[in-house]
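Spelled out from the first residue to the last, the chains are:
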Amino acid sequence: MSGDRGPVLEVRGASVSRGGQRVLHDVDLRVERGELVALLGANGSGKSTLLRAIVGVLPLETGSATLLGHPVHRGIAHDHLGYVPQESAEGGSIPATARETVASGLLSSRSWWPSARDPRVDRALAAVGMAELAGRPITRMSGGQRRRVMIARALVRDPEFLVLDEPFSGVDLPTQDLIADLFRELSATGTTILVVLHETGPLAGDIRRAVVLDHGRVVHDGPETERPRLDPGHDHPEDAAPLDECLGQELHPL
């Protein structure tokens, strides 16, 4: 699929409602191959909702979305996608080890449950600095350690498109720097990355294009240095999905 032409992601006129309230309004978004794009906005602006619609967890009310030239609900597109959801406050309740959690990322539309001993699992854990904790249950990990495990899970299939929701949230500065370095390496080798951020943080010098949402609408799509500064946030029916709810869910789209 890597030889296909066209954008990695194309969203046209997308609208989504949650809890009876419109969250996204006629959103257009196009991400080209090899881009590193930041999706920014105040709390409750619709960032997480847009990502969950892109990966097929939430249905679109209006409009369309394609991944690698295929509708988001087609398994073939998700086989080339790595997705890291925003972690909920409780951090999930599945007593799986780091190795088992990362191995679940090898599930695809055409595979059975993968082996936790697959060498790709060890490579992904090593890439995020978690090889020594491969056998530890994620319920006994810090927020930063769980975040790195979930990134390894997204990376285990060597995805063409990596989608991440607030990867720096709740992690310490050394972990933020490690994650940022990993994103730079992936971007340099051609991986397309769309990352939701509240602020650009350790990626401030790397973000060339920022897409800003405000009240569910795109209000800026261009240079990060020219983006508007918005209010801190507002009430909104947009919640983080529980970690255990997201394990595997994004690989079985609606």
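Going by the structure above, here's the rest.
Attention in this report is confined to the structure presented alongside it. Small disclaimer: the values here were computed from a predicted structure and weren't measured. (Residues numbered from 1 in each chain as written. Predicted model: local features only at pLDDT ≥ 70, side-chain atom pairs only at ≥ 80, totals over all residues. Heavy atoms only, no water.)

With respect to the nonpolar core
Of all hydrophobic cores here, the largest spans 39 residues; its most connected members are Val102, Leu125, Ile151, Leu162, Leu164, Phe183 and Ile193. Counting residues per element, the ones that place at least two in this core are strand 3 (36-41), helix 3 (98-103), helix 4 (119-127), helix 5 (143-155), strand 7 (161-165), helix 6 (173-188), strand 8 (192-197) and strand 9 (209-214). Of the residues forming this core, the biggest block, six residues, is contributed by helix 5. Not counting the four nearest positions on each side in its chain, Leu164 is found in contact with Leu51, Val84, Ile151, Phe183, Ile193, Leu194, Val195 and Val196. Core analysis: the next-biggest nonpolar cluster, separate from the first, contains 29 residues, Val16, Ile54, Leu68 and Leu194 among them. (Core = buried A, V, L, I, M, F, W, Y, C linked by side-chain atoms within 4.5 Å. Buried < 20%, exposed > 50% of the residue type's maximum accessible area, 1.4 Å probe, protein only. Helix = DSSP H or I, 4+ residues; strand = E, 2+ residues; numbered from the N terminus. Contact = heavy atoms within 4.5 Å.)

Focus on the sheet that holds strand 5 (residues 70-71)
The strands making up a sheet associate through backbone hydrogen bonding, with each pair oriented either parallel or antiparallel. Taking strand neighbours across the sheet as the criterion, the four strands line up as 2-1-4-5 in an open arrangement whose pairing is antiparallel. The sheet is open, and its two edges are formed by strand 2 (21-31) and strand 5, each paired on a single side. As paired strands, strand 4 (residues 62-67) and strand 5 are joined by two bridges and run antiparallel to one another. For Thr66, the partnering residue across the bridge sits in strand 5 and is Pro71. (Pairing = 2+ DSSP bridges.)

Observations regarding helix 4
Since one α-helical turn is 3.6 residues long, residues separated by three or four positions face the same way. By the burial criterion, the buried members of helix 4 are Val121, Ala124 and Leu125. One face of helix 4 carries all of its buried residues, which in axial projection span an arc of 100°. At its buried positions, helix 4 is contacted by helix 3 and helix 5. With its phi angle positive at about 70°, Gly129 sits one or two positions after the end of helix 4. (Arc of directions from axis to C-beta.)

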